[in-house]
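# A structural walkthrough
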Amino acid sequence: RSLSKDLSQQAGCRWLREQQADLNTNIVVLWDAATAIRTTWEIFTAYWDDFCYPSSDNVLVWPEFGSWAFFFHHEECFQFGKKKAG
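This part takes up the overall build of the protein chain. Check the secondary structure of the protein chain and you find 3 helices and 6 strands. For the protein chain, the sequential pattern of α-helices and β-strands runs β-α-β-β-α-α-β-β-β. Computed over C-alpha atoms, the radius of gyration of the protein chain comes to 12 Å, within 12% of the 12 Å expected from 2.2 N^0.38 for 86 residues, which places it in the range of a compact globule. If you line up the protein chain on its principal axes, its C-alpha atoms span 35 × 30 × 25 Å. Considering only contacts in the protein chain between residues 6 or more positions apart, those separated by 24 or more positions represent 47%. Of the roughly 5400 Å² of accessible surface on the protein chain, 50% is carried by carbon and sulfur atoms.

Have a look at this one:
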């Protein structure tokens, strides 16, 4: 599922949490080969606009254990995907 730019912080948080409801999920946030952090989905979704900077950052997020991924493209496009079952 994708969502494009002109999104408020609150609307982005709501959309992200609709995609993945488990806020306790431990995740990896990756900007480039040398820059990454571990945090929770709750923190990332609450402050997503601090992690994702328009016009400069591409951000990849995935859970330590799980089957989904989130990508923020620097042109302000959100993409969330889940692995197909079976």
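Both the distance between ring centres and the angle between the ring planes are used here to describe each pair of aromatic rings. This model, assessed by the stated rule, comprises 11 aromatic pairs. Here the aromatic rings of Trp-41 and Phe-44 are separated by 5.7 Å at their centres, their planes lie at 20°, and the arrangement is stacked. Of this pair, Trp-41 and Phe-44 both sit in helix H2 (residues 41-46), separated by 3 residues, roughly a single helical turn. Grouping residues by exposure puts Trp-41 and Phe-44 together as buried. Taking 5.0 Å as the distance between ring centres and 20° as the angle between the ring planes, the aromatic pair formed by Trp-68 and Phe-80 counts as stacked. Of the two residues, Trp-68 sits in strand E5 (residues 68-73) while Phe-80 sits in strand E6 (residues 77-82), which places them 12 residues apart along the sequence. Like Phe-80, Trp-68 is buried.

Note: strand E2 (residues 26-32) against strand E3 (residues 35-40), 6 bridges, orientation antiparallel. Paired with Asn-26 across the strands is Thr-40, a residue of E3. Linking two consecutive strands that pair antiparallel, namely E2 and E3, is a turn of 2 residues.

Okay, the pattern of salt bridges next. Inspection of every chain in the model, using the stated rule, returns 1 salt bridge. With a closest N to O distance of 2.5 Å, Arg-38 and Glu-64 form a salt bridge. With Arg-38 in strand E3 and Glu-64 in the loop between strand E4 (59-63) and E5, this pair connects stretches of sequence that are 26 residues apart. Under the relative-accessibility criterion, Arg-38 is labelled exposed at 62%. By relative accessible area, which is 29% here, Glu-64 ends up partly exposed.

Now for the nonpolar core. In this structure, Leu-16, Trp-41, Phe-44, Val-61 and Phe-70 are the most contacted members of the largest nonpolar core, which totals 17 residues. Of all the secondary structure elements, the ones that give two or more residues to this core are helix H1 (9-19), E2, H2, helix H3 (48-51), E4, E5 and E6. Once residues lying within four places of it in the same chain are set aside, the contact partners of Phe-70 are Trp-15, Leu-16, Trp-41, Phe-44, Val-59, Leu-60, Val-61, Phe-78, Gln-79 and Phe-80.

What counts and what doesn't
Numbers given to residues run from 1 along each chain, matching the order in which its sequence is written. With pLDDT at 70 or above as the cut-off, local features in this predicted model cover only qualifying residues; side-chain atom pairs require 80 or more to be listed or tallied, and sums for whole chains, interfaces and linings still use all residues. As a rule here, side-chain values cover all heavy atoms of the structure and leave hydrogens and water aside. Here a strand is any run of E in DSSP of at least two residues, a helix any run of H or I of at least four, and the numbering for each starts at the N terminus. In this treatment the radius of gyration is a C-alpha quantity, and the globule benchmark scales as 2.2 Å times the residue count to the 0.38 power. Here, residues are in contact when the closest pair of their heavy atoms is within 4.5 Å. Computed with the Shrake-Rupley method and a 1.4 Å probe, the accessible areas treat only the protein chains shown as cover for residues. Centres within 6.5 Å are what make two rings of Phe, Tyr or Trp a pair, Trp counting through its six-membered ring; a difference in plane orientation under 30 degrees is then read as stacked, over 60 as edge-to-face, and the rest as tilted. Here's how the labels work: a residue is buried when its accessible area is under 20% of the maximum for its type, exposed when over 50%, partly exposed in between, all with a 1.4 Å probe on protein chains only. In this analysis, strands are considered paired if DSSP registers two or more bridges between them. Between Lys or Arg on one side and Asp or Glu on the other, a salt bridge is scored when a side-chain nitrogen of the former is within 4 Å of a carboxyl oxygen of the latter. To form a nonpolar core, buried Ala, Val, Leu, Ile, Met, Phe, Trp, Tyr and Cys residues must be joined to one another through side-chain atoms within 4.5 Å.

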